[in-house]
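# Secondary and tertiary structure notes
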Amino acid sequence: MRSDLARYAASEGRAVTWAFTLRMIFLMPGFQFVLARRIQDRLYRLPIVGRAMGRIWWWWTCRSFGAEIAIAASIGQGLYVPHPYGIVIGECAMGDGVTILQNVTIGKRSRAAGGIPIIGDGVYLAAGAVIVGDVTIGPNASIGANAVVLSDIPAGATAVGAPAKPMGKTATAKPLSNAVI
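Report on the accompanying structure.

## Concerning the packing of helix H2 (residues 18-27) against helix H3 (residues 29-44)
- Relative to each other, H2 and H3 sit at 85°, their axes nearing to 6 Å. In terms of orientation, H2 lies roughly perpendicular with respect to H3. Here Met-24, Ile-25, Phe-26 and Leu-27 of H2 lie close against H3, whose contacting residues are Pro-29, Phe-31, Gln-32 and Leu-35.
- By residue class, the composition of the contact of H2 with H3 is 7 nonpolar, 1 polar and no charged.

Structure (structure tokens):
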């Protein structure tokens, strides 16, 4: 939760204070969504009743936010979700410092398909981006609005279109986790 708070503070160019923390917890739906996911992870690890409580919490989170992060998804630290609406994240492996905007979809192509999407550190996923299948998005890559990623995207690249194609590669990309968004 500390790294998530730090990420939200960096997006506003502020320090993490008690007042900031309380504002995030009580007034910011994006942070509330991320916090709900972190609570779900903790509940799921409780002995005996954890799996049931985790699934109930997951259901409540889906209903409350109109967005979903699958229990099987592996989410890194410093997740930034400013608008937690219409997001569907299935089984995937996500690195640290990832930004996800509204209406993003991440998951397998089908139940029978092998492999899951792997999202690197500092990746930026613009509104409506779709990442499906056994693909890898390299660290600090950016996926454009409404792009459909069906193949690997190299580190530092910006991918746009349907299907998404890298438009360029930045050799010295700055991690978004340290940038003001």
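From this point on, the discussion continues.
## Re H3
- For H3, spanning 16 residues, the distance from its first C-alpha to its last is 22 Å, which sits close to the expected 22 Å at 1.5 Å a residue.
- Taken together, the buried positions of H3 are occupied by Gly-30, Phe-31, Phe-33, Val-34, Leu-35, Ala-36, Arg-37, Arg-38, Gln-40 and Leu-43.
- The inward-facing, buried residues of H3 contact helix H1 (2-12), H2, helix H4 (50-65), strand S1 (68-69) and strand S2 (74-75).

## Thoughts on the sheet that holds S1
- Pairing in this open sheet of 5 strands is parallel, and the strands run S1-S3-S6-S9-S12 from one edge to the other. Each edge of the sheet is formed by a strand with only one pairing partner; in this case those strands are S1 and strand S12 (148-149).
- Of the pairings in the sheet, the one linking strand S6 (residues 105-107) to strand S9 (residues 130-132) comprises 3 bridges and is parallel in character. Bridging across to S9, Thr-105 finds its partner in Val-130.

## Points about a nonpolar patch on the surface
- Together, Leu-46, Ile-48, Val-49 and Met-53 make up an exposed nonpolar region whose accessible area comes to about 410 Å².
- Given a relative accessible area of 38%, Leu-46 falls into the partly exposed group.

## Side note on the nonpolar core
- Ranked by internal contacts, the top residues of the largest apolar core, which has 41 residues, are Leu-79, Ile-89, Met-94, Ile-100, Leu-125, Ile-137 and Ile-143.
- Counting only elements with at least two residues in this core, the list comes to H1, H2, H3 and strand S13 (157-160).
- Top contributing element to this core by residue count: H3, with 5 residues.
- The contacts of Leu-125, once residues within four sequence positions are left out, are Thr-99, Ile-100, Leu-101, Val-104, Ile-106, Ile-131, Ile-137 and Ile-143.

Parameters and conventions
Residues numbered from 1 in each chain as written. Predicted model: local features only at pLDDT ≥ 70, side-chain atom pairs only at ≥ 80, totals over all residues. Heavy atoms only, no water. Axes fitted to C-alpha atoms, helices over the stretch in contact; angles between N-to-C directions. Helix = DSSP H or I, 4+ residues; strand = E, 2+ residues; numbered from the N terminus. Parallel < 35°, antiparallel > 145°, perpendicular 65-115°, else oblique. Contact = heavy atoms within 4.5 Å. Nonpolar A, V, L, I, M, F, W, Y, C, P; charged D, E, K, R; others polar. Expected span 1.5 Å × (residues − 1). Buried < 20%, exposed > 50% of the residue type's maximum accessible area, 1.4 Å probe, protein only. Pairing = 2+ DSSP bridges. Patch = residues over 30% accessible without salt bridge, like charges linked within 9 Å, V, L, I, M, F, W, Y side chains within 5 Å. Areas by Shrake-Rupley, 256 points an atom, 1.4 Å probe, with all protein chains shown as cover. Salt bridge = Lys/Arg side-chain N within 4 Å of Asp/Glu carboxyl O. Core = buried A, V, L, I, M, F, W, Y, C linked by side-chain atoms within 4.5 Å.

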